[in-house]
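# Architecture at a glance
Letter by letter, the chains look like this.
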Amino acid sequence: MAIETLTLYRFSLPLIRPYKLALGAVHALDTILCVAGDGSGREGFGEATILTGYTTETIEESWKIAVDLAARVRGLEEAQAKPVIEAEHQRAPFTCAALMTAVEMLQGHPLLEVTERTEVPLLAIINAMEEDAMTAEIEARLQEGYGTLKVKVGFDADADAGRVRFIQGIVSGRALIRLDGNQGYCVEDAKKFAASLSPDGIELFEQPCPAGDWDAAVAVADVASVPMMLDESIYGPDDIERAAELNAADFIKLKLMKAGGLDALADGVAQIRDLGMTPVLGNGVASDPGCWMEACAARRLIDNAGEMNGFLKPETGIFASPLAVRNGSVVLEPGTPALKPAAELSALASATAEFTRRT
């Protein structure tokens, strides 16, 4: 079946509250949505939310590449379009994922076939920094049914260590704790922080140093008192293999946008397990289409809390009806969620581009 239509939308989706990262605070999701149609009523969609630092792409570059790719693949058979998109993956993985997942969904990808109501466990992020506020936030998230809590570090090693000790005392074994450095530490601070941690209740410590610094990743893993995870360092099979060869991580996190598609994501999870590491999946900086796809994949591919909670952050999403969360889990209903009507998407977008099969 040929791709008869492709529509691109560019959004800036304001967040309910700033999302604090060591890279800086995020105030809006810069998102590109791709909608592909076969002319008979079937559609597929895909998302790229660009956060420079997670990727080398910028939203301006991503939009230009998406427009160019859409123009090149319109009218092609789905199987013909995939290699064209894959060829751009190395320079623009997030952008390519938007088009690739739209095509994979149009074909009918098995990971997206939801036939019964399913609840996929998520983690909750602890945003507060002051003790009283942290206590209240932790108790609220535990009451809501979350079994894994994520704490952002990577700001100041000593202050972060004190905050983690306080959180461990409050949680007191009632949930797992994931620590995320978001590339914020230099290697010496990362080593000091990782070595000082009490392992009680800490599931893992994620990406404390810059993505390209593999020597730092190994040095921290050598002294860490808790399991280590790499995220921003991982872009494909070669990076997964390198992490295993260097003993740089016990866990590897994958994002659909970095993997470049659903098939590539499933292959990455299998490779991680084959190499003796544990896969983690999910993107906290994504809108509802990307998070829904990751949740669909997570129900079959992983057995720990998913990180695909980005859909909870914007004031408004892309789906006609928001994804539901129950008992700390995202609820997948049978079938496929509907996007907002095209007129609403266009009104929400800062730019659109439409492509039809050449006649």
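The structure this text deals with has already been given above.
Residues numbered from 1 in each chain as written. Predicted model: local features only at pLDDT ≥ 70, side-chain atom pairs only at ≥ 80, totals over all residues. Heavy atoms only, no water.

## Remarks on the packing of aromatic side chains
One pass over the structure, following the stated rule, counts five aromatic pairs. Ring centres of tyrosine 9 and phenylalanine 11 lie 6.0 Å apart, and the angle between their planes is 10 degrees; this geometry places the pair in the stacked category. Per residue, the accessibility class of tyrosine 9 equals that of phenylalanine 11, and both read buried. By the ring-pair criterion, three or more aromatic residues cluster together here, those being Phe45, Trp292 and Phe319. Cation over ring: lysine 255 sits above tyrosine 54, and NZ or CZ is 4.6 Å from the ring centre. Sitting above the plane of the tyrosine 235 ring, lysine 258 keeps its charged end 4.7 Å from the centroid. (Phe/Tyr/Trp six-rings, centres within 6.5 Å; stacked < 30°, edge-to-face > 60°. Buried < 20%, exposed > 50% of the residue type's maximum accessible area, 1.4 Å probe, protein only. Lys NZ or Arg CZ within 6 Å of the ring centre and 35° of its normal.)

## Considering the layout of surface pockets
Taking a probe equal in size to a water molecule and rolling it over the atoms shows the remaining empty space. Approximately 440 Å³ is the volume found for the largest pocket. For the lining of the largest pocket, the elements supplying multiple residues, two or more each, are strand E1 (5-21), strand E5 (124-126), helix H4 (131-143) and strand E12 (324-326). Element by element, the count of residues in the lining of the largest pocket is highest for E1, at four residues. In terms of residue class, the lining of the largest pocket is made up of nine nonpolar, four polar and six charged. (1 Å grid on protein atoms, 1.4 Å probe; cavity = no way out; pocket = protein on both sides within 12 Å on 5 of 7 lines; lining within 4 Å. Points joined across faces, edges and corners; volume = space filled by probe spheres on them. Helix = DSSP H or I, 4+ residues; strand = E, 2+ residues; numbered from the N terminus. Nonpolar A, V, L, I, M, F, W, Y, C, P; charged D, E, K, R; others polar.)

## Remarks on the pairing of strand E7 (residues 176-180)
Across the five residues that make up E7, a large majority, four, are buried. Pairing geometry for strand E6 (residues 148-152) and E7, over five bridges, is parallel. Paired with lysine 150 across the two strands is arginine 178, which belongs to E7. Crossover connection from E6 via helix H5 (residues 157-171) to parallel E7: handedness right-handed. Chirality of the crossover, the property in question, places the unit of E7, helix H6 (residues 187-196) and strand E8 (residues 202-206) among those that are right-handed. (Pairing = 2+ DSSP bridges. Right-handed = clockwise from strand over helix to strand, strands pointing away.)

## Examining the pattern of salt bridges
Going through the model one piece at a time under the given rule, you end up with 27 salt bridges. Two residues, glutamate 333 and arginine 117, come together in a salt bridge whose shortest N-O distance is 3.2 Å. Of this pair, glutamate 333 sits in the loop between strand E13 (329-332) and helix H12 (342-348) while arginine 117 sits in the loop between helix H3 (93-107) and strand E4 (118-121), and the two are 216 residues apart along the sequence. Take glutamate 333: its relative accessible area is 41%, and that puts it in the partly exposed class. (Salt bridge = Lys/Arg side-chain N within 4 Å of Asp/Glu carboxyl O.)

So yeah, pure geometry; function would need other evidence.
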